[in-house]
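Overview (structure and organization)
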Amino acid sequence: MSDLELLTQSLARNVKHWRAVRGFTLDVLAARSAVSRGMLIQIEQARTNPSIGTVVKIGDALGISVTTLLDYERGAKVRIVPADQAVRLWHTDAGSYNRLLAGAEAPGPLEMWDWRLMPGENSLSEPHPVGTVELVHVTAGELTLTVDGEEHRVPTGASASFEANVPHVYGNRGEVPMAMVMAVSVPPVH
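Residues numbered from 1 in each chain as written. Predicted model: local features only at pLDDT ≥ 70, side-chain atom pairs only at ≥ 80, totals over all residues. Heavy atoms only, no water.

Some thoughts on the overall build of the chain
Short version of the rule: Numbered from the N terminus, helices here are DSSP runs of H or I no shorter than four residues, and strands are runs of E no shorter than two. The classification of residues rests on relative accessible area computed with a 1.4 Å probe and restricted to protein chains. Under 20% of the type maximum is buried, over 50% is exposed, and intermediate values are partly exposed. It only takes one pair of heavy atoms within 4.5 Å for two residues to be counted as in contact. Reported accessibility uses the Shrake-Rupley method at a 1.4 Å probe radius. Residues are deemed covered only where the shown protein chains occlude them.
When helices and strands are counted, the chain shows five helices and 11 strands. Burial statistics for the chain: of 190 residues in total, 36% are counted as buried. Looking at the chain alone, contacts between residues at least 24 apart form 69% of all its contacts between residues at least 6 apart. Working note: accessible area of the chain is about 11,000 Å², and carbon and sulfur atoms make up 54% of it.

Examining helix α2 (residues 26-33)
Put simply, the rule reads: Throughout, the arc means the angular range of directions from the helix axis out to the C-beta atoms.
What α2 keeps buried is the set L26, L29, A30 and S33. Burial along α2 is one-sided: seen end-on, the buried residues are contained in an arc of 100°. Exposed and oriented more than 90 degrees from the buried face of α2 are A31 and R32. Buried residues along α2 sit against α1 (3-22), α3 (37-44) and α4 (52-62). Two residues or fewer after α2 comes A34, characterised by a positive phi angle close to 60°.

Notes on the side chain of T146
In this fold, T146 is placed in strand β7 (residues 142-147). Overall, the relative accessible area of 16% leaves T146 in the buried class. Not counting the four nearest positions on each side in its chain, T146 is found in contact with E151, P167, H168 and V169.

Structural notes on the pairing of strand β10 (residues 168-171)
We count it as follows: A strand pair is defined by DSSP finding two or more bridges across the two strands.
In the sheet, strand β5 (residues 122-125) pairs with β10 via four bridges, with the strands oriented antiparallel. Bridge pairing in β10 links S125 to H168. Bridge analysis of β7 against β10 gives four bridges, and the strand direction is antiparallel. Note on β10: the bridge partner recorded for L145 is Y170.

Re the sheet that holds β7
Note the following rule: Axis angles are defined between N-to-C directions and span 0 to 180 degrees, where every axis is a line fitted to C-alpha atoms and, for a helix, only to the segment in contact.
Overall, antiparallel pairing links the four strands, which are arranged β5-β10-β7-β8 in an open sheet. Each end of this open sheet is capped by a strand with a single partner; those strands are β5 and β8 (150-155). Pairs of neighbouring strands in the sheet enclose a mean axial angle of 20°, with direction left out of account.

Overview of the pattern of salt bridges
Let me state the cut-off plainly: Put simply, a salt bridge is a Lys or Arg side-chain nitrogen that is within 4 Å of an Asp or Glu carboxyl oxygen.
Following the criterion strictly, the structure yields four salt bridges and no others. With a closest N to O distance of 2.6 Å, R19 and E44 form a salt bridge. Taken together, the residues span a long stretch of sequence, with R19 in helix α1 and E44 in helix α3 at a distance of 25 residues. Judged by relative accessible area, R19 falls into the buried class, the value being 17%. One salt bridge in this structure joins E151 and R173, with 2.5 Å as the shortest N-O distance. With E151 in strand β8 and R173 in the loop between β10 and β11 (178-185), this pair connects stretches of sequence that are 22 residues apart.

A look at the packing of α1 against α4
Put simply, the test is: Each angle receives one of four descriptions, namely roughly parallel if under 35 degrees, roughly antiparallel if over 145, roughly perpendicular if within 65 to 115, and oblique otherwise. Here a crossing is called left-handed whenever its near helix is offset anticlockwise from the far helix by less than a right angle, and right-handed whenever the offset is clockwise. For this scheme, ten residues count as nonpolar: Ala, Val, Leu, Ile, Met, Phe, Trp, Tyr, Cys and Pro. Four count as charged, namely Asp, Glu, Lys and Arg, and the remainder, Gly too, count as polar.
Running from amino to carboxyl end, α1 crosses α4 at an angle of 25°, the nearest separation of the two axes being 10 Å. Classed by the angle they form, the pair α1 and α4 counts as roughly parallel. Helix-helix and strand crossings are classified by hand; for α1 and α4 the assignment is left-handed. For the pair formed by α1 and α4, the contact residues are L11, V15, W18, R19 and R22 on the first element and V55, I58 and L62 on the second. Residue composition of the contact of α1 with α4, by class: six nonpolar, no polar and two charged.

Below is the structure:
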């Protein structure tokens, strides 16, 4: 399958998914996005390759990013963002800046935590409700993040995001304290 076919299939799947998550009918999404119902049907059936402008309108109407709409990496529960790949969105000549460390779609409650794990220590977390997402950013040491039995190493300066509806463990296998900032997004109760 070509990259274009992968993106077309992903867009179809993701528009259907997020439309269902938001509880939008085709008519509601058409009205909110200013994209015709017919075009939305073609997109959801992967029969067209819409312009980026159309994709942006749909993403805005659904309240999600274009990246999320076009994401075709199925089953990836953990995404590591190396320190050198954090996106710098703004900076000044004097040295001020901001960086997008990691992000995820979050429709419900969001918590931010400050963590410190001493060498050799672990903290086990039971699965959270389906739809829960966690973001971590390691500020010192190295985090060994185990999600559903699979280990991931997150070094100083790197960030990770993962679906937290499976068992997960935060660990420090290093010889120095590990510090991280963590955000937890839990879906709203319906």
